[in-house]
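# Secondary and tertiary structure notes
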Amino acid sequence: MSVEILGLSRRFGEAQALRDVSLSIAARAFVALLGPSGSGKTTLLRILAGLDFADSGTVRIEGRDMAEVPARERGIGFVFQNYALFRHMTVFENVAFGLRVRPRRARPPEAEIGRRVRRLLEMVQIPELERRYPDQISGGQRQRVALARALAIEPPLLLLDEPFGALDAEVRKGLRRWLRELHAQLGITIVFVTHDQDEAMELADKVAVMQAGEVSQFDPPDVLLERPANAFVAGFLGHAARLPARFQGGTLRFEDPGLGTLPGAALAVAPRREGAALAFVRPHEWEVRCAGEGPGEGPGEGGRNAVIRASRPAGGRRHLEVDLAGLTIEIEVEGGAGYEPGRPCVIRPRTARAYS
Amino acid sequence: MRGGGASGLRRRVLPGFGLSLGLTLAWLSTIVLIPLLALVLRPLELGPAGIWASLAEPRVWAALRLSFLAALAAAALNLPIGLLAAWVLVRYRFPGRRLLDGMVDLPFALPTAVAGLALTALYAPNGWLGAPLAALGVKVAYTPLGVMLAMAFVGLPFVVRTVEPVLRDLPREAEEAAATLGAGRGQTFRRVILPALAPALLAGFTMAAARAIGEYGSVIFIAGNMPMVSEIAPLLIVVRLEQFDYAGAAAVGLAMLFLSFLLLLVLNLASRFWRPA
């Protein structure tokens, strides 16, 4: 089911939750709304579901204007951040709810409801919990119940608000993979809200990065990482270090003299104008030479500008926290030895994304 | 009362179990159990046959039946009205909300005799509301209907105040979830909101009924107190006391105690069955 959002604005008193937001979501897409808290992503999701209303702008789903369509007639699945399960109903009854409230003519017979609920519980892998109450199951299980309940009405569009926010890392990982498989299997459109960029990048085909009520960029993860549209996106994604610099005569000169300069050809994204710029360098984009034995060079080379503060292995690579004149910078290097904490080093960016 | 009462049991994180339970029991005994014991012992001087004879009068049966049936009817009437009032107070913001909020508690604070006189003046055949109702052929004052009305008046705050906090804590998401699943307003209310409120409603019903059974001041004025018609059991007790029939009065009290206990027991059991989880 395709979703067309045009010029959507929403204000809560003084706060502008959404500012002229436009997005075009293709049918069967898997889209993440990514942004810090207060960026308006949940408001956008709620407006899509019909649980909130825009001050201006339109939402078209499958070409149909949704302005006058109440939530209960939209047939959109919605999974709440805190799951919002019906506490006085068993897991079975929670999942069956969407079928039982149908008008008599469209309501499946009891046996059919039972079959469908069990099939859904089978699909979310908790068939044994059907008689339990929400208070008697774990957070990850509640998440699965909430999903099964939303899917019971066979929605062509599924919306999820911070679906894995309250779960521990291991459960979250499993559920992510499972949700991706579900998307492939059901062929439905999924839009989910998250503040976790790794989650957004791992799951979604396309990510809308939101900030202060606006969509900064709406692109596939590769494009987002390779060519961030502005300084906000560049700083928000990829765990980049944020370094003040100047762009002059085609060369980027870092404010920290120890970092030197980068020619314009080396920049992944160059500033539009000359003058003051903000450069972003990701952990794997650094050149590191440390004093003493190992991969570095001798102390003879001038300009040791940084000290290793922490060093931990990260799957064949090594993750460093480096102190650069009071600034903490995350760096990823190959290999293991020669990076003990306390060791002075020379660090230089190989490339950068810079914005004026 | 043993000082370290809890030390013989398991070690507890919360201290003071022995002391607090001891104080509670001592206080409850002084203020509730001993008077109740007197109530049980006093009519015993009549002997079982005497008690039975004292209670077997049709006038006693009529009074007991009126007290309990009117109290249950009043509490039942308070359920929808109290729920509506709580709903309005919790869900909407409007000018005068705080005033309305305060008015709900008035039946608590008002001397019951004042309430009774006001209700009687209003519903008497020549009163503001009594006159038009009389024209329609409905008599309120000096009938069982008037008794029930006075009981509903004193019981309303119990339903409102027990439902209100539960309604306030009811997550809006549950209703929104019901809407996204296709439920209409009526279905959402019936299937999602009402079951969540049911325990609170039952508790409010229980308290309102209990209060109404024991209510005296506000009822006797509007009741008219005609034996066999609009005489409530508490009034019958006073009547017997005035005739120096102390044991007979205590016998009616005992019957009320027994019936009240039975009623509360049933309602408490019902509230326990409500949530199997």
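Calculation criteria
- Residues numbered from 1 in each chain as written.
- Chains lettered and ligands numbered in written order.
- Predicted model: local features only at pLDDT ≥ 70, side-chain atom pairs only at ≥ 80, totals over all residues.
- Helix = DSSP H or I, 4+ residues; strand = E, 2+ residues; numbered from the N terminus.
- Buried ≥ 20, exposed ≤ 12 C-beta atoms within 10 Å, placed from the backbone.
- Contact = placed C-beta atoms within 7 Å.
- Pairing = 2+ DSSP bridges.
- Domains from an automatic or database assignment.
- Nonpolar A, V, L, I, M, F, W, Y, C, P; charged D, E, K, R; others polar.
- Expected span 1.5 Å × (residues − 1).
- pLDDT = per-residue confidence, 0-100.
- Axes fitted to C-alpha atoms, helices over the stretch in contact; angles between N-to-C directions.
- Parallel < 35°, antiparallel > 145°, perpendicular 65-115°, else oblique.
- Left-handed = near helix turned anticlockwise from the far one by under 90°.

### Focus: the overall build of chain B
Per the secondary structure count, chain B includes 13 helices and 0 strands. Traced from its N-terminal end to its C-terminal end, chain B shows the element sequence α-α-α-α-α-α-α-α-α-α-α-α-α. Seen through its C-alpha atoms, chain B measures out along the principal axes to roughly 70 × 65 × 30 Å. Here chain B, with 277 residues, has 33% of them falling under the buried criterion.

### Describing the overall build of chain A
If you tally the helices and strands in chain A, you get 9 helices and 20 strands. In terms of overall dimensions, chain A has a C-alpha envelope of 85 × 45 × 35 Å along the principal axes. When the 356 residues of chain A are sorted by exposure, 42% land in the buried category. Summarising the internal contacts of chain A: among those between residues at least 6 apart in sequence, 67% fall at separations of at least 24.

### Here's the deal with the sheet that holds strand β5 (residues 64–65) of chain A
With antiparallel pairing, 4 strands are arranged side by side in an open sheet as β2-β1-β4-β5 (chain A). Two strands bound the open sheet, and with one partner strand each, they are β2 (15–25) and β5 of chain A.

### A word on the interface of chain B and chain A
Between chain B and chain A, the contact holds 16 residues from the first and 20 residues from the second. Secondary structure elements with two or more residues in the side of chain B that touches chain A: α9 (172–180) and α10 (185–214) of chain B. Broken down by element, the side of chain B that touches chain A gets its largest block of residues, 6 residues, from α9(B).

### A look at the domain arrangement of chain B
All names here are of chain B. Along its sequence, chain B is carved into domain 1 (1–46) and domain 2 (57–274). Of note, the centres of domain 1 and domain 2, computed from C-alpha atoms alone, are 31 Å apart. Taken together, the contact between domain 1 and domain 2 spans 7 residues of the former and 7 residues of the latter. Class assignment for the residues of the side of domain 1 that touches domain 2 results in 5 nonpolar, no polar and 2 charged.

### Brief notes about the domain arrangement of chain A
When the domains of chain A are assigned, the result is domain 1 (3–226) and domain 2 (239–356). Look at where the C-alpha atoms of domain 1 of chain A and domain 2 of chain A centre, and you get two points 40 Å apart.

### Description of the environment of P15(B)
Positionally, P15(B) belongs in the segment before α1 (17–41). Taking the C-alpha atoms as reference points, P15(B) and I222(B), 207 residues apart in sequence, are found 51 Å from one another.

### Side note on helix α6 (residues 169–186) of chain A
Helix length check: α6(A), at 18 residues, gives a terminal C-alpha distance of 25 Å against a target of 26 Å (1.5 Å per residue), a fit within 8%. Among the residues trailing α6(A), G187(A) stands out with phi positive, at a value near 65 degrees.

### Thoughts on the confidence of the model for chain B
Residue and element names in this part refer to chain B. On average, residues of chain B score 88 in pLDDT, and 95% of them reach the 70 mark or higher. In this model residues 1–7 is a low-confidence stretch, pLDDT under 50, and it forms 11 contacts with partners more than four residues away in sequence or in other chains. Prediction confidence for the complex, expressed as pTM and ipTM, is 0.80 and 0.83 respectively.

### Focus on the pairing of β2(A)
All names here are of chain A. Two strands pair when backbone bridges link them, and strand β1 (residues 3–12) and β2 are joined in this way by 7 bridges, in the antiparallel orientation. When the sheet's bridge partners are listed, I5 is paired in β2 with L23. Between β1 and β2, which pair antiparallel in sequence order, lie 2 residues; one of them, G13, sits at a positive phi of approximately 60 degrees.

### Notes on the environment of A337(A)
All names here are of chain A. Along the chain, the position of A337 falls in the loop between β18 (327–334) and β19 (344–349). Residue A337 is classed as exposed on the basis of its 9 C-beta neighbours within 10 Å. Placed 19 residues apart in sequence, A337 and R318 show a C-alpha to C-alpha distance of 9.2 Å.

### Some thoughts on the sheet that holds strand β17 (residues 317–324) of chain A
Strand pairing in a sheet takes place through backbone hydrogen bonds and is either antiparallel or parallel in direction. Residue and element names in this part refer to chain A. If you trace the 5 strands from one edge of the open sheet to the other, you get β15-β19-β16-β17-β18, paired in antiparallel fashion. In this open sheet, the two strands that pair with only one neighbour each are β15 (286–290) and β18. On average, each strand axis in the sheet is tilted by 35 degrees relative to the strand beside it, whichever way the strands run. Judged from the 5 bridges that link them, β15 and β19 form a sheet pairing that is antiparallel. Bridge pairing in β19 links W286 to P349.

### Brief notes about the packing of helix α8 (residues 144–169) of chain B against α10(B)
Residues and elements named next belong to chain B. Two elements in contact, α8 and α10, have axes separated by 8 Å at closest approach and are oriented at 155 degrees. Considering their axes alone, α8 and α10 lie roughly antiparallel with respect to each other. Note on packing geometry: the crossing formed by α8 with α10 is right-handed. Across the interface between the two elements, M151, V154, G155, F158, V159, T162, V163, V166 and L167 from α8 touch L197, A200, L201, A203, G204, F205, M207, A208, R211 and A212 from α10. Looking at the contact of α8 with α10, its residues break down into 15 nonpolar, 3 polar and 1 charged.

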